[in-house]
Amino acid sequence: MKEDRISIEKRYDLVIVGGGVTGAGVFHAAVQRGLCPLLVEANDFAWGTSSRSSKMVHGGLRYLKEGKFLLTRAAVRERQRLLSVYPGLVDPLNFIMPLYDGHGPSMGAMKFGLSLYSLMAGEKQHEIFSRAQILGQVPKVCQTSLLSGVGFKDAQVDDARLVLRLIFDGCDQGGVAQNYTRATAIGRNAKGDVTGVHLKDTRTGQGRLVKTPVVINATGAFAETLHPSPVKGFHIRPLRGSHLIFPGKLYPMDRVISFIHPQDNRAVFLFPWEGCLVLGTTDVDHKGDVSKEPCITKEEADYLMEGLAHILPDLKVSLADCIASIAGVRPILSKKKVAASKESREHVVWKEGGLITVTGGKLTTFQLLARDAMKAAQKYLPRYPKNKPGPGGGAGAESTLKSGLKKGIEYGGSTESVPGLGPGRLSPKAILRLWGRYGARVLDMAAICCEEDFTPIGTTQTLWAELCHGARHEQIRHLSDLLLRRVRIGLFLPHGGMDMIAEIQARIGPHLAWDDARWAREKKAYERVWQDAYAPPGRRMKSPK
Ligand SMILES: Cc1cc2nc3c(=O)[nH]c(=O)nc-3n(C[C@H](O)[C@H](O)[C@H](O)COP(=O)(O)OP(=O)(O)OC[C@H]3O[C@@H](n4cnc5c(N)ncnc54)[C@H](O)[C@@H]3O)c2cc1C
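1. Topic: the site of the ligand
Phase 1: The full set close to the ligand counts 37 residues, and Thr22, Glu41, Ser50, Met56 and Thr364 are the nearest of them.
Phase 2: A distance of 2.6 Å is found between an oxygen atom of the ligand and a side-chain nitrogen or oxygen belonging to Glu41.
Phase 3: Starting from 1,000 Å² of accessible surface for the ligand in isolation, the protein chains cover 96%.
Phase 4: Put simply, the parts of the chain that give the shell around the ligand at least two residues each are helix H1 (21-32), strand E9 (181-188), strand E13 (235-247) and strand E18 (324-334).
Phase 5: Split by residue class, the shell around the ligand holds 11 nonpolar, 20 polar and 6 charged.

2. Digging into the environment of Pro87
Phase 1: Mapping Pro87 onto the fold places it in the loop between helix H3 (69-85) and strand E5 (90-100).
Phase 2: Once the C-alpha coordinates of Pro87 and Val157 are considered, the two residues, 70 residues apart in sequence, prove to be 9.7 Å apart.
Phase 3: Leave out the neighbours within four places in its chain, and Pro87 touches Leu432, Trp435 and Gly436.

3. Regarding the sheet that holds strand E3 (residues 37-40)
Phase 1: Strand order in this open sheet of 6 strands is E8-E3-E2-E12-E20-E19, and the pairing throughout is mixed. Looking at which strands have only one partner, the edges of the open sheet turn out to be strand E8 (176-178) and strand E19 (347-352). If you compare each strand with its neighbour and ignore which way they point, the axes differ by 15° on average.
Phase 2: Alignment of strand E12 (residues 215-217) against strand E20 (residues 355-360), held across 3 bridges, turns out to be parallel. Note on E20: the bridge partner recorded for Asn217 is Thr357.

4. Thoughts on helix H16 (residues 501-508)
Phase 1: All of the buried residues in H16 are Ile501, Ile504, Arg507 and Ile508. Buried residues of H16, seen end-on, are gathered within an arc of 125° and therefore sit on one face of the element. Residues of H16 that are exposed and point over 90 degrees away from its buried face: Ala502 and Ala506.
Phase 2: Where H16 is buried, its residues meet helix H13 (464-473), helix H14 (479-486), helix H15 (489-492) and helix H17 (516-533).

5. What about the packing of aromatic side chains?
Phase 1: Inspection of every chain in the model, using the stated rule, returns 6 aromatic pairs.
Phase 2: Each ring, one from Phe45 and one from Phe168, has its centre 6.2 Å from the other, and the planes form 85°; the classification is edge-to-face. Of this pair, Phe45 sits in the loop between E3 and strand E4 (56-57) while Phe168 sits in helix H6 (residues 159-172), placing them 123 residues apart in sequence. Both residues of the pair, Phe45 and Phe168, belong to the buried class.
Phase 3: Residues Phe95 and Phe269 carry aromatic rings whose centres are separated by 5.9 Å and whose planes lie at 85° to one another, so their mutual orientation is edge-to-face. Residue Phe95 is located in strand E5, and its partner Phe269 is located in strand E15 (residues 267-273); the two are separated by 174 residues in the primary sequence. Take Phe95 and Phe269: they sit in the same class, and that class is buried.
Phase 4: Here the aromatic residues Phe95, Tyr117, Phe152 and Phe269 are joined through ring pairs into a cluster of three or more.
Phase 5: Over the face of the ring belonging to Trp47 we find Arg52, whose NZ or CZ atom lies 5.5 Å from the ring centre.
Phase 6: We note Arg165 situated over the ring of Trp435; from NZ or CZ to the ring centre the distance is 5.1 Å.

6. Some remarks on the pairing of E18
Phase 1: With 11 of 11 residues buried, E18 is to be regarded as a mostly interior element.
Phase 2: The two faces of E18 match: Ala324, Ile326, Gly328, Arg330, Ile332 and Ser334 on one face and Ser325, Ala327, Val329, Pro331 and Leu333 on the other face are all buried.

7. Quick look at the side chain of His286
Phase 1: Among the structural elements, His286 can be located in the loop between strand E17 (284-285) and helix H8 (298-311).
Phase 2: Assessed through its relative accessible area of 12%, His286 is described here as buried.
Phase 3: Within the structure, the side chain of His286 is placed 3.0 Å from the side chain of Arg240, a separation counted as a polar contact.
Phase 4: In this view, His286 contacts Pro238, Leu239, Arg240, Pro294 and Val329; residues no more than four positions away in its chain are not counted.

8. Notes on the confidence of the model for the chain
Phase 1: Looking at the chain, pLDDT values average 90 and 89% of them are 70 or higher.
Phase 2: The low-confidence segment residues 408-413, where pLDDT is below 50, has 14 contacts with residues more than four positions distant or belonging to other chains.

9. Some thoughts on the packing of H13 against H14
Phase 1: Look at H13 against H14: their axes get within 10 Å of each other, and the N-to-C directions meet at 135°. Of the possible angle classes, the one that applies to H13 and H14 is oblique. For the crossing formed where H13 meets H14, the hand is right-handed. Between H13 and H14, the contacting residues are Leu467, Gly470 and Ala471 on the first element and Leu482, Leu483 and Arg486 on the second.
Phase 2: Looking at the contact of H13 with H14, its residues break down into 4 nonpolar, 1 polar and 1 charged.

Conventions used here
Residues numbered from 1 in each chain as written. Predicted model: local features only at pLDDT ≥ 70, side-chain atom pairs only at ≥ 80, totals over all residues. Heavy atoms only, no water. Near = heavy atom within 4 Å. Polar contact = N/O pair within 3.5 Å; in protein donor to acceptor, adjacent residues only side chain to side chain. Areas by Shrake-Rupley, 256 points an atom, 1.4 Å probe, with all protein chains shown as cover. Helix = DSSP H or I, 4+ residues; strand = E, 2+ residues; numbered from the N terminus. Nonpolar A, V, L, I, M, F, W, Y, C, P; charged D, E, K, R; others polar. Contact = heavy atoms within 4.5 Å. Pairing = 2+ DSSP bridges. Axes fitted to C-alpha atoms, helices over the stretch in contact; angles between N-to-C directions. Buried < 20%, exposed > 50% of the residue type's maximum accessible area, 1.4 Å probe, protein only. Arc of directions from axis to C-beta. Phe/Tyr/Trp six-rings, centres within 6.5 Å; stacked < 30°, edge-to-face > 60°. Lys NZ or Arg CZ within 6 Å of the ring centre and 35° of its normal. pLDDT = per-residue confidence, 0-100. Parallel < 35°, antiparallel > 145°, perpendicular 65-115°, else oblique. Left-handed = near helix turned anticlockwise from the far one by under 90°.

Here's what the structure looks like:
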């Protein structure tokens, strides 16, 4: 890095590297403590694993089976907390699991596990179903050897929107977050203490040095690029998990079907998400370059389709019905190289003179990772009063809005009762959805949108207003940021939404300072990204050069 191109910036209390859920959680926690953090993300916010998960906020029944009671209890408590803090973003989700003779867990084992699960949640959250009840609730389910089944409760989140909510709430209260900014090196003094971090704008190549006494490395599967593992033989093992997305009308359902794959006895899920059906996930070693967007392979797709044919043999569905796919890489810490699905999902914290690395874990437990990282960083941080309200006054706006939204819901979903949201009418569910995803920033959305913007985009549950708000206010650099993470319509619409691109451009054009040449470049780049990483397998065309 040439010295003459480096500018030296103000000092931050801490710098967080990585804009996935772990980094966003640390950022949010730091702001809550009255600190002034900087978060940098090399790509777009939530570009990594945190937009590619199964979207489940769950205790994880399988961890109980492995005897990991503390991990499960912590995750169940986090689930309950997130349901109460982020309604509309984290929503209850029912699961149903048919049980078979000679295959998968027995009723006895499930009853025991689910009783513990309910105990951890502090209320009964499971049910036992007879064979007839399962047949009634899961049409077309495989009947051969079917004995009975169980039902239980967990929760679902739009993972990318959770990251964005944490980041933008943090920004509104005094934090600074920059996407497309890569941390290239950690600055240290002669004693080895951290003094700053070298950053590079990934578009311009411009370098800069930011001063800070502590850097939190929250780069997930990339963690060892900034901080090699201090434990001999204990390294990140990137494990890929992939999903297939289908139109919801193929098998309308309001709950997850959990089943055991006949090939390897792993639990696989078929779940509803935003009007679509998602089938996943796989768990395989990721041999590819982790800095590139991962994609599903034909073998993984065949494995998932085999599982689906096993549980719903009479469902007329094939890969030709698939609208999109999504693959992510788990940041798993591994020592013994056991079977992929048996690797621990627990997180680690490494410390080295002001460089704190936090990786592993789950989306559900992001707050626990943040808490542990902040604890490790404590001695380098200034002593501010705990929970000091940050600048920006976000909390006041939030409470006004929350009471407005509550009223809106009580009075049948009239958005007139929501301050600033205009005269349109939305269902109570749609109002809660906006509140959950955008918090106090719904007011900014209302300020730039008209009544007709509060209508859905095509067959999706996403509103045009969300797209306009994302374009105007949510730090997008590329069309892919907008269509794949600010909103997720690139996953729900055929061809990634390219069939509607003219209308999309007309609606969001006024919110972006892009000329025709920029639009042409963005459309081409988006198509390439979608084809390479999100298209259904088998229909991946050769990318345009
Ligand atoms: C298929 C799959 C399904 C899953 N399902 C669930 C689930 O249902 N529930 C659940 O609780 N968990 C689930 N998980 C786990 C969960 O998604 C991850 O644990 C979590 O998203 C990891 O978040 P992270 O922030 O640590 O990493 P990431 O989200 O990958 O974020 C790391 C970020 O760091 C950035 N970065 C890297 N290097 C640099 C650098 N030098 N400078 C700046 N930025 C950098 C990357 O671009 C990336 O965006 C799933 C994981 C997978 C793969």
